[in-house]
Amino acid sequence: MTTAVDLGLFGPDSVTWKVHEEPIVTLGGLRSLYLQALHPRAVAAIAQNSGYRSDPWGRLERTSDYVGTVLYGSTAEVERVAGRIRRLHARMRATDPGTGETFRVDEPELLLWVHVAEVESFLTTARRAGLELTDDEVDRYYAEQVRAAELVGLDPAAVPSTAAEVADYFGTMRPQLALTKDSAETALFLTVPPVPESWGSRSLRLSLTLGPARWAYFGIASTAFALLPPWARKMYGGLGWQTTDMTAGLSVRGLRLLMKGALAAMPQRYRVPPMRRQALERAGLS
C-alpha cells in the first residue's frame with residue numbers, strides 16, 4: 001500500500017504554488033503592509049504590540065517563516081505554527097487611538113483586513129509583474145487562501161473567495177480607512193527603515209544608510225507603494241494618476257526580470273527556497 005504524501009494545505013497543482021513560485025511576490029508582502037496600515041485599529045494593534053521598530057528584520061524573518069510554512073509545510077507543521085500564532089494573538093490587546101477603547105488584536109474584522117490585504121497584494125503584484133493567470137485561476141487562488149484565513153481563526157464563510165468578492169470587500173472597507181499618525185509612521189518606516197546598531201561598524205552602517213543599497217531599497221519600496229490602488233495612494237497623499245500605475249507596472253516587470261536573471265546565475269541549490277524545495281521533494285518533483 002502506497003502511503004499518501006502530505007503536501008499540507010496546497011500542492012503542486014494549486015494556483016497558490018504557481019503564484020508563490022515567483023520571487024517578485026515578496027514585493028507584494030511590502031505592498032500589503034502599506035495597505036494594512038490604512039486601517040486605524042489594525043495599525044494601532046501592530047504599533048502597540050509589534051517589535052518591528054526595534055527588530056524589523058527579525059520580525060520580517062519570522063513573518064516569512066510563517067508564510068513559508070503555511071505555503072509549503074506538512075499538515076502537522078502548519079497546524080503547529082498556526083496554533084502558536086492564535087495563542088499569541090489571543091493574549092494581545094491594543095487601545096483604539098480614536099476612542100480610547102481597549103480591544104483584542106484577534107478581532108475577526110482586523111484578522112480579515114490583514115488577510116485580504118495580504119493575499120490581494122501577493123496576487124496583484126505577481127500579475128502586474130507579468131505572471132499570466134486566467135480569471136478562473138485568480139478566483140481559485142482566493143478560494144485556496146481561505147484555508148490560510150481559517151488558520152488564524154476566521155470563519156471561512158466570511159472570507160472573500162473570488163476576485164469580485166475581494167473588490168466588494170474593499171469597497172465596503174474604504175469608508176473605515178484613514179491616514180493616522182500610526183499609519184504615517186509605519187509607511188515612513190517601511191520606506192526608510194533604519195540600519196540596526198548591531199550591523200557592524202559605524203562606517204558600515206553609514207554606508208548602508210547613505211550608499212547604493214539604501215537607494216536600491218528605496219526604489220523597491222517606492223515600487224511597492226506605487227502598486228497600491230489609486231484610492232490608497234491618495235489616502236497617503238500620493239497621486240492616483242494612471243501614469244503612476246503604468247510606471248509601477250513597468251518597474252515591477254523589470255524587477256521580476258532582474259530577480260529571475262540573478263537566480264539563474266546562482267548555483268541550483270540556491271534557486272529554490274528551502275521550504276519549497278522540501279515540499280517539492282515530498283511531492284517527488286525535485
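Before reading further, recall that the structure is shown in the block above.
(A) View of the nonpolar core. Core analysis: the largest hydrophobic core is formed by 70 residues, its most contacted members being V19, Y34, L35, Y66, W113, Y141 and F170. Examining the composition of this core, we find that 10 residues originate from one element, helix α6 (residues 108-128), more than from any other. Those residues within four positions of Y34 in sequence are excluded, and the remaining contacts are A187, L190, T191, A221, A224, F225, L228 and Y236.

(B) Geometry of a nonpolar patch on the surface. Where nonpolar side chains cluster on the molecular surface, the patch consists of L188, V192 and F218 and spans about 270 Å² of accessible area. Looking at the element boundaries, L188 is found in helix α9 (residues 181-191).

(C) Up close: the packing of helix α3 (residues 40-49) against α9. In the contact formed by α3 and α9, the axes pass within 9 Å of each other and the chain directions differ by 65°. Our pair here, α3 against α9, has a crossing hand that is left-handed. The residues of α9 that touch α3, namely those facing V43, A44 and A47, are D182, S183 and T186. The residue inventory of the contact of α3 with α9, partitioned by class, reads three nonpolar, two polar and one charged.

(D) Main features of a positive patch on the surface. Judged by side-chain charge, R80, R84, R86, R87 and R91 come together as a positively charged surface patch. Along the polypeptide, R86 turns up in helix α5 (residues 75-91).

Rules of the game
- Residues numbered from 1 in each chain as written.
- Predicted model: local features only at pLDDT ≥ 70, side-chain atom pairs only at ≥ 80, totals over all residues.
- Heavy atoms only, no water.
- Core = buried A, V, L, I, M, F, W, Y, C linked by side-chain atoms within 4.5 Å.
- Buried < 20%, exposed > 50% of the residue type's maximum accessible area, 1.4 Å probe, protein only.
- Helix = DSSP H or I, 4+ residues; strand = E, 2+ residues; numbered from the N terminus.
- Contact = heavy atoms within 4.5 Å.
- Patch = residues over 30% accessible without salt bridge, like charges linked within 9 Å, V, L, I, M, F, W, Y side chains within 5 Å.
- Areas by Shrake-Rupley, 256 points an atom, 1.4 Å probe, with all protein chains shown as cover.
- Salt bridge = Lys/Arg side-chain N within 4 Å of Asp/Glu carboxyl O.
- Axes fitted to C-alpha atoms, helices over the stretch in contact; angles between N-to-C directions.
- Left-handed = near helix turned anticlockwise from the far one by under 90°.
- Nonpolar A, V, L, I, M, F, W, Y, C, P; charged D, E, K, R; others polar.
- Lys, Arg positive; Asp, Glu negative; His and termini not counted.
- Charge placed at Lys NZ, Arg CZ, Asp CG, Glu CD.

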